[in-house]
Amino acid sequence: LKMSSFWFYLPLHLFTATCLCYSIKAPTTSSQQSFKSNLFNFYHSLILADGKETTIHLLKDIAKRYYFVLEEGRTLAPFSITVTPCDVPIEWSILVYKPPPGKAAPGDHDAQEVSKSHKASSMVSTIFNYKGNSVETYMGMSSHSALYLLEFLSTERDTHITVYLTTDTTSGHLYPELPGDPRIDVIGIGHTTVTLAWKHSPSVLQHREGIQYCLLVNEKHNYKSLCAAETAIRSSGMKLPATLALSLSPYLLEPQQVMILSNSELSIINKVSSGEVRQVCMGTKNTYTVPNLSPSTQYYFDVFIVNLLTNASAAYTGTFARTLEEPEPKVTELKDGKVIHVVLDGKKQKFYSLQYQARHKKIHFTFQLCRGQIRVHITRNGKTVASENLSGLRYFSLKGKLLDTYSVQLRSTEESNSSVKVLASPHFHKPLFPLLPESLKIKSFSKLRTCRSVTIAWLGTQEESKYCVYRKRIEEDQIWRELQSADRCSGPESRHKSEKVLCKYFYDLNLQRAVTTETIKGLEAGTLYLFDVYLFGPSGIPVRYHSKVVKTRKKC
């Protein structure tokens, strides 16, 4: 009782140097009664910093309490407390103790004063309490000195929160300000895109430097704070840098992360078990189109206004949207012996469907990849019979029944344009495409290079065929573009007549000897040349070998 009397009658100015923090192992049933009795149980002292964000870790079902004291002698003492849960909902409350008039000095243990100590509890009152996982701010004003108690409790699991106390409410805010209407508007929805817009934060309009908007996209749910989003992604097994790298600090990315910097926007894609989590910081722009989403998928969007100088942030009210379903691809009928040239725009049209009804039991599909990367998927009466990525010239020989229905779906696997030639035919013994050698590579002989000539070689087949050689002078900075943009289905008709070197026929029944060489003369010293070889079959459809770049010697 004497200890209780001592703590309640201790002059308040002594608390300005030391505030008490302690924990108990069960939630209180009456905060006002426990405020007095639990003063016996404090185990360490701690000052709740004024004007600084404090991180507090909470253990499940163990309440944690912090004290702070307003300055004595001020006529009005304004203050604000902001609490941000970083995971599960929590309970928190603010209690205030106001000393009774005529309190005794410490050390005066007069029996009459001790007998009055029970009246102290009547001076304790709860001024605020909250339960949930939203960011909450309490703003108060006191006309005299008072001792305040903050109590925090998590009943679901161990978690952490941030607490910001300030008694200076006139010189600006730690957290960026939200507009009067903090909602995010969905102003456009596509198959793979969603366009968002939101009202400007007053902080952006007042202080453009160091303030920016950051967007979080995920497939699970909205987040009410940046630290809540951080915690959720970490719990998925990821190691993330502080504030989700939204401050653009040069952190090293984890293997599950992909960083994209485009048009002054930083995008970070985290591969987690529940899908992708994307973070995009776009400066002070208040509209953004989220690209590369999956069709017919619900996404959740959260916008945070971030102060890069303090790492403090404020969350707009999150929203969600479902992308449109992928439109049914147009189906094109395949006819016997007719070649179809399919071009896929990787950004707009990812799929292309072909259909073929068999008039014979044996069917042969031929695919010649012209450009890009394409995956083919073939079904017979709805069941998959073949699926793989195409490379060069590919044949599929399938056996079924008369009038079987074959569906061929082509899918571009990259964003650039892709194209392929497709042929369906029951007559494999009369192919439109030429018989191909084991390799379509062109070899050059370094020792046979001179200042004026280059010697190249390529493989042939057991079938007599026509081969045409073309050359083209190029510069160093053109090599990559020429090799990447080459259309492997285009024939010599696309080349300038001056680029033609020669045409020749050859074959050998022994594949080990089915190789030919050619020395191209009349070249310039120290110059890069692009060489191409075209192979023509019985039908006249050409197949282009892989281009070869060779540089003539500078000095001979």
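See above for the structure.
Along each chain, the written sequence defines residue order, and numbers are assigned to residues from 1. Predicted model: local features are reported for residues with pLDDT of at least 70 only, side-chain atom pairs are reported and counted for 80 or more only, and whole-chain, interface and lining totals are derived from all residues. Each side-chain value is worked out from all heavy atoms of the structure, with water and hydrogens disregarded.

Comments concerning the sheet that holds strand β8 (residues 136-142)
Point 1. Sheet architecture is open: four strands sit in the order β3-β10-β5-β8, paired in antiparallel fashion. A single partner strand is all that each edge strand has here, and the edge strands are β3 (52-58) and β8. In this sheet, neighbouring strand axes are inclined to one another by 20° on average, regardless of whether the strands run parallel or antiparallel.
Point 2. Note: strand β5 (residues 77-85) against strand β10 (residues 159-166), six bridges, orientation antiparallel. When the sheet's bridge partners are listed, T82 is paired in β10 with Y164. Strands are treated as partners if at least two bridges between them are detected by DSSP. By the criteria applied, helices consist of DSSP H or I runs no shorter than four residues and strands consist of E runs no shorter than two, each listed in order from the N terminus. With axes taken as lines fitted to C-alpha atoms, and helix axes fitted only over the stretch in contact, angles between N-to-C directions fall between 0 and 180 degrees.

So, the pairing of strand β9 (residues 147-153)
Point 1. Exposure is judged per residue with a 1.4 Å probe applied to protein chains only, and the accessible area is read against the type maximum: over 50% gives exposed, under 20% gives buried, and values in between give partly exposed. Across the seven residues that make up β9, a large majority, seven, are buried.
Point 2. Alternating residues of β9 divide into L147, L149, E151 and L153 and Y148, L150 and F152, and every residue in both groups is buried.
Point 3. Sheet topology note: the strand β4 (residues 63-69)/β9 ladder contains six bridges and is antiparallel. Residue pairing across strands places K64 opposite F152, the latter belonging to β9.
Point 4. By the bridge criterion, seven bridges tie strand β6 (residues 90-97) to β9 in an arrangement that is antiparallel. Bridge pairing in β9 places W92 opposite F152.

Regarding the nonpolar core
Point 1. Take the buried Ala, Val, Leu, Ile, Met, Phe, Trp, Tyr and Cys residues and link them wherever side-chain atoms come within 4.5 Å; each set so joined is a nonpolar core. Counting residues in hydrophobic clusters, the biggest one holds 25 residues, and the most contacted among them are F365, F367, I378 and L410.
Point 2. Of all the secondary structure elements, the ones that give two or more residues to this core are β22 (340-344), β23 (351-357), β24 (362-371), β25 (374-380), β27 (393-399), β28 (405-412) and β29 (418-425).
Point 3. For this core, the element with the highest residue contribution is β24, accounting for four residues.
Point 4. It only takes one pair of heavy atoms within 4.5 Å for two residues to be counted as in contact. The residues touching I378, leaving out its near neighbours within four places in the chain, are F365, F367, K383, T384, V385, A386, F396, L398, Y406, S407 and V408.

Some remarks on the layout of surface pockets
Point 1. A volume near 1100 Å³ is recorded for the largest pocket.
Point 2. Lining the largest pocket are 45 residues, with T82, T84, V135, Y175 and S313 sitting closest to its centre.
Point 3. Residue assignment for the lining of the largest pocket shows that the elements contributing at least two residues are β3, β5, β8, β10, α5 (226-235), β18 (298-307) and β19 (313-315).
Point 4. No other element matches α5, which puts five residues into the lining of the largest pocket.
Point 5. The residue classification treats Ala, Val, Leu, Ile, Met, Phe, Trp, Tyr, Cys and Pro as nonpolar and Asp, Glu, Lys and Arg as charged. All others, Gly included, are polar. Of the residues that constitute the lining of the largest pocket, the class distribution is 17 nonpolar, 20 polar and eight charged.
Point 6. For every domain, the bounds stem from an assignment made automatically or drawn from a database. Counting contributing residues per domain, the lining of the largest pocket is built from domain 1 (39-99 + 123-166) and domain 2 (173-237 + 275-327), each supplying no fewer than three. Only protein atoms enter the 1 Å grid used here. Points where a 1.4 Å probe fits but cannot escape make up a cavity, open sets with protein on both sides within 12 Å along at least five of seven lines make up a pocket, and a residue lines them when an atom lies within 4 Å of a point. Grid points are joined across faces, edges and corners, and a volume is the space filled by probe spheres set on the points.

Looking at the environment of T54
Point 1. Topologically, T54 is positioned in strand β3.
Point 2. Counting along the chain gives 107 residues from T54 to I161, while the straight-line C-alpha distance between them is 8.3 Å.
Point 3. In contact with T54, other than residues within four places in its own chain, are L48, A49, I161, T162 and V163.

Re the state of the cysteines
Point 1. For the purposes of this analysis, a disulfide is any pair of cysteine sulfur atoms at a distance within 2.5 Å. Summed over the entire model, instances satisfying the criterion amount to five disulfides.
Point 2. At a sulfur-sulfur separation of 2.0 Å, the disulfide partner of C468 is C503. Handedness of the C468-C503 disulfide follows from its S-S torsion of about 105°: it is right-handed. With C468 in strand β32 (residues 465-474) and C503 in strand β33 (residues 500-506), the pair connects residues that are 35 residues apart, well separated along the chain.
Point 3. Under the relative-accessibility criterion, C503 is labelled partly exposed at 31%.
Point 4. The cystine pairing of the chain, numbering bonded cysteines in sequence order, is 1-3, 2-4, 5-8, 6-10, 7-9.

Some thoughts on unusual backbone geometry
Point 1. Positive phi outside glycine occurs at N292, with the angle close to 55°.
Point 2. Along the chain, N292 falls in the loop between β17 (287-290) and β18.
Point 3. Even without a glycine there, the phi angle at N381 is positive, about 55°.
Point 4. Position of N381 relative to the elements: it lies in the loop between β25 and β26 (383-389).

Overview of the packing of aromatic side chains
Point 1. Each Phe, Tyr or Trp ring, with Trp reduced to its six-membered ring, pairs with another whose centre is within 6.5 Å; inter-plane angles below 30 degrees give stacked pairs, above 60 give edge-to-face pairs, and intermediate values give tilted ones. Counted by the stated rule, this structure contains 20 aromatic pairs.
Point 2. When the ring of Y300 is compared with that of F320, the centres are 5.9 Å apart and the planes differ by 45°; the resulting orientation is tilted. Linking Y300 in strand β18 with F320 in strand β20 (residues 319-322), this pair joins segments that are 20 residues apart in sequence.
Point 3. Assessed through its relative accessible area of 17%, Y300 is described here as buried.
Point 4. Under the relative-accessibility criterion, F320 is labelled partly exposed at 47%.
Point 5. Each member of the aromatic cluster is reached from another via a ring pair, and the members are F68, F79, W92, F128, Y138, Y148 and F152.
Point 6. Taking the ring centre of F506 as reference, the NZ or CZ of K504 above it sits at 6.0 Å. As a reminder, the over-ring test applies to NZ of lysine and CZ of arginine, requiring each to be within 6 Å of the ring centre and within 35 degrees of the ring normal.

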